[in-house]
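Each chain, written out:
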Amino acid sequence: ILKLEALFHFSSYLPTHRPVRYASAFSGIDLPLLALRKLFPLEHVAASDSSPHLRSALLSCHADLGLVPSRLHSDSSSSAAIQSAPADLFFAGSPCEAFSKRNRHRTPLSTARALLLLSWALDYVRLHRPSVVLLENVETGEAMFSGISAVVSAIPGYIWHDVHLDPAVHCG
């Protein structure tokens, strides 16, 4: 069980008079929603994942939060995904294989492409200015972490916090 009190201190930046509007890129099955559902009411306004199987799972798992096919996109960087409804809380779980330091086949070109995809997906943040932006990824190694930091730090008006979560410490 995720220790919510320790990890989600950002809730003071979110509305309390209505459900929190949530959007995600590289959504997978939107695992953070399992924890966020325990904190406050949510409305799922946008999601994207390239896998048709994961998009189907997203619809099945999160229809009760308002996720419908018109809010679900196959490309996080598409204009349709970026033009989706504004959110209060944006989550991006970038593609693990592209960023993982355990990927022995990663090249400078694949690294640049992965960072470009992340930057394009963050166009949603540049356009809609959600109150809270959460980025999650596997352990990346210093070079990739520096690249991710540069992409995120280039978005004005946000404070970048790097938090390393160890399941042995943060999950019970």
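Refer to the structure above for everything that follows.
Overview of the structure. The structure displayed is predicted, hence computed values, not measured ones. (Residues numbered from 1 in each chain as written. Predicted model: local features only at pLDDT ≥ 70, side-chain atom pairs only at ≥ 80, totals over all residues. Heavy atoms only, no water.)

### Section: the pairing of strand S4 (residues 89-93)
Right, so step 1: Burial analysis of S4 places 5 of its 5 residues in the buried class, the great majority of the element.
Right, so step 2: Burial along S4 is two-sided: the residues Leu89, Phe91 and Gly93 and Phe90 and Ala92 are all buried.
Right, so step 3: Across 4 bridges, strand S1 (residues 20-25) lies against S4 in parallel orientation. In the strand pairing of S4, Ala25 is matched with Ala92. (Buried < 20%, exposed > 50% of the residue type's maximum accessible area, 1.4 Å probe, protein only. Helix = DSSP H or I, 4+ residues; strand = E, 2+ residues; numbered from the N terminus. Pairing = 2+ DSSP bridges.)

### Quick notes on the pairing of S1
Right, so step 1: Here S1 lies mainly inside the structure; 5 of its 6 residues are buried.
Right, so step 2: Direction of pairing for S1 relative to strand S2 (residues 42-48): parallel, over a ladder of 4 bridges. For Arg21, the partnering residue across the bridge sits in S2 and is Glu43.

### Regarding the packing of aromatic side chains
Right, so step 1: If you walk through the whole model with that rule in mind, you get 1 aromatic pair.
Right, so step 2: Taking the centre distance of 5.1 Å and the plane angle of 20° together, the rings of Phe90 and Tyr124 count as stacked. Here Tyr124 lies in helix H7 (residues 123-128) and Phe90 lies in strand S4, a separation of 34 residues in the sequence. Judged on exposure class, the residue Phe90 and its partner Tyr124 are both buried. (Phe/Tyr/Trp six-rings, centres within 6.5 Å; stacked < 30°, edge-to-face > 60°.)

### Observations concerning the pattern of salt bridges
Right, so step 1: One pass over the full model with this rule turns up 5 salt bridges.
Right, so step 2: Asp88 is the salt-bridge partner of Arg18, the closest N and O atoms lying 2.7 Å from each other. Of this pair, Arg18 sits in the loop between helix H1 (4-7) and S1 while Asp88 sits in the loop between helix H4 (79-82) and S4, and the two are 70 residues apart along the sequence. (Salt bridge = Lys/Arg side-chain N within 4 Å of Asp/Glu carboxyl O.)

### Here we look at empty space enclosed by the protein
Right, so step 1: Under the criterion given, the structure shown has 1 cavity of 30 Å³ or more.
Right, so step 2: Here the largest cavity is characterised by a volume of approximately 70 Å³.
Right, so step 3: Lining the largest cavity are 14 residues; nearest its centre among them are Ser24, Ser48, Ala81, Phe90 and Tyr124.
Right, so step 4: For the lining of the largest cavity, the elements supplying multiple residues, two or more each, are S1, S2 and H4.
Right, so step 5: Residues of the lining of the largest cavity, tallied by class, amount to 9 nonpolar, 5 polar and no charged. (1 Å grid on protein atoms, 1.4 Å probe; cavity = no way out; pocket = protein on both sides within 12 Å on 5 of 7 lines; lining within 4 Å. Points joined across faces, edges and corners; volume = space filled by probe spheres on them. Nonpolar A, V, L, I, M, F, W, Y, C, P; charged D, E, K, R; others polar.)

### Some thoughts on the nonpolar core
Right, so step 1: Residues Ala23, Ala25, Val45, Phe90, Leu118, Leu122 and Tyr124 are the most contacted members of the largest nonpolar core, which totals 18 residues.
Right, so step 2: Looking at this core, the elements that each hand over two or more residues are S1, S2, S4, helix H6 (108-121), H7 and helix H8 (142-153).
Right, so step 3: The residues contacting Ala23, other than those within four sequence positions of it, are Val45, Ala46, Ala87, Leu89, Phe90, Phe91 and Tyr124.
Right, so step 4: Counting 12 residues, the second largest nonpolar core, distinct from the first, contains Tyr22, Leu36, Phe40 and Leu42. (Core = buried A, V, L, I, M, F, W, Y, C linked by side-chain atoms within 4.5 Å. Contact = heavy atoms within 4.5 Å.)

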